[in-house]
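Overview (structure and organization)
Next come the chains, spelled out residue by residue.
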Amino acid sequence: MNAQITVVDREGRQHSVPWEPDQSLMEALRDNDMPVLASCGGCCSCATCHVFLPDDVMETLGERDGEELELLAETEAFRPGASRLACQVHFAAALAGTTVTLAPEE
Ligand code: FES
């Protein structure tokens, strides 16, 4: 059973995107033609999958690991309470209905 999420692109347009259980959030975005470069392919080394998530989702997901946080903190758009690398966010049914906002390109 997939989860439907809302994606806000860099022009402020909203898209309804299906997220399959075997995909990371980055894969769901990329596979549904959202403009996410994901140049490292999901191995937490490029930060081109940077997204902002709502407070409650950040809480549900828990702590970012050190490597992810380090990479995020180097980006200009970093928001301590909202930034995640989408490739490090795993599917969870509880995330259905979430709004994901694409961070500006660096
Ligand atoms: S795809 Fe490169 S850090 Fe996520």
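In this report, we go over the structure that sits alongside the text.

Rules of the game
Residues numbered from 1 in each chain as written. Predicted model: local features only at pLDDT ≥ 70, side-chain atom pairs only at ≥ 80, totals over all residues. Helix = DSSP H or I, 4+ residues; strand = E, 2+ residues; numbered from the N terminus. Pairing = 2+ DSSP bridges. Axes fitted to C-alpha atoms, helices over the stretch in contact; angles between N-to-C directions. Buried ≥ 20, exposed ≤ 12 C-beta atoms within 10 Å, placed from the backbone. Contact = placed C-beta atoms within 7 Å. Core = buried A, V, L, I, M, F, W, Y, C linked by C-beta atoms within 7 Å.

1. Re the environment of Asn-32
Tracing the sequence through the fold places Asn-32 in the loop between helix H1 (25-31) and strand S3 (50-52). Put simply, Asn-32 and His-15 are 17 residues apart on the chain and 9.7 Å apart in space, counted from C-alpha to C-alpha.

2. Quick notes on the pairing of strand S1 (residues 3-8)
Successive residues of a regular strand alternate their side chains across the two faces of the sheet. Relative to strand S2 (residues 14-19), S1 runs antiparallel, the two being bridged by six bridges. Its bridge partner being in S2, Gln-4 is matched across the sheet by Pro-18. Remark: five residues form the turn of the hairpin made by S1 and S2, two consecutive strands paired antiparallel; Gly-12 in that turn has positive phi of roughly 85°. Across three bridges, S1 lies against strand S5 (residues 99-102) in parallel orientation.

3. Considerations on the sheet that holds S5
Spatially, S2-S1-S5-S3-S4 is the arrangement adopted by the five strands of the open sheet, whose pairing is mixed. One side of each edge strand has no neighbouring strand; the edge strands of this open sheet are S2 and strand S4 (83-85). Strand-to-strand twist of the sheet, defined as the mean angle between neighbouring strand axes without regard to direction, takes the value 40°.

4. What about the environment of Leu-29?
Checked against the element boundaries, Leu-29 lands in helix H1. According to the C-beta neighbour criterion, Leu-29 is buried, with 26 such atoms within 10 Å. Separated by 64 residues in sequence, Leu-29 and Ala-93 place their C-alpha atoms 16 Å apart. When near neighbours in sequence (up to four residues on either side) are disregarded, Leu-29 contacts Val-7, Val-17, Met-34, Val-36 and Ala-86.

5. Considerations on the environment of Leu-102
Position of Leu-102 among the secondary structure elements: in strand S5. If we skip the residues at most four places from it in the chain, Leu-102 touches Val-7, Val-8, Asp-9, Arg-10, Met-34, Pro-35, Val-36 and Val-51.

6. Description of the nonpolar core
Counting 23 residues, the largest nonpolar core has Leu-25, Leu-29 and Ala-86 as the members making the most contacts within it. Only S1, H1, helix H3 (66-73) and S5 provide two or more residues apiece to this core. With four residues, the single largest contributor to this core is H1.

7. Considering unusual backbone geometry
Positive phi is not limited to glycine here, since Asp-33 has a value of about 60°. Following the sequence through the fold, Asp-33 ends up in the loop between H1 and S3. Asp-33 gets classed as exposed once you count the C-beta atoms within 10 Å, which come to 9. In this model, Ala-47 sits at a positive phi of 65°, which is unusual for a non-glycine residue. By secondary structure assignment, the location of Ala-47 is in the loop between H1 and S3.

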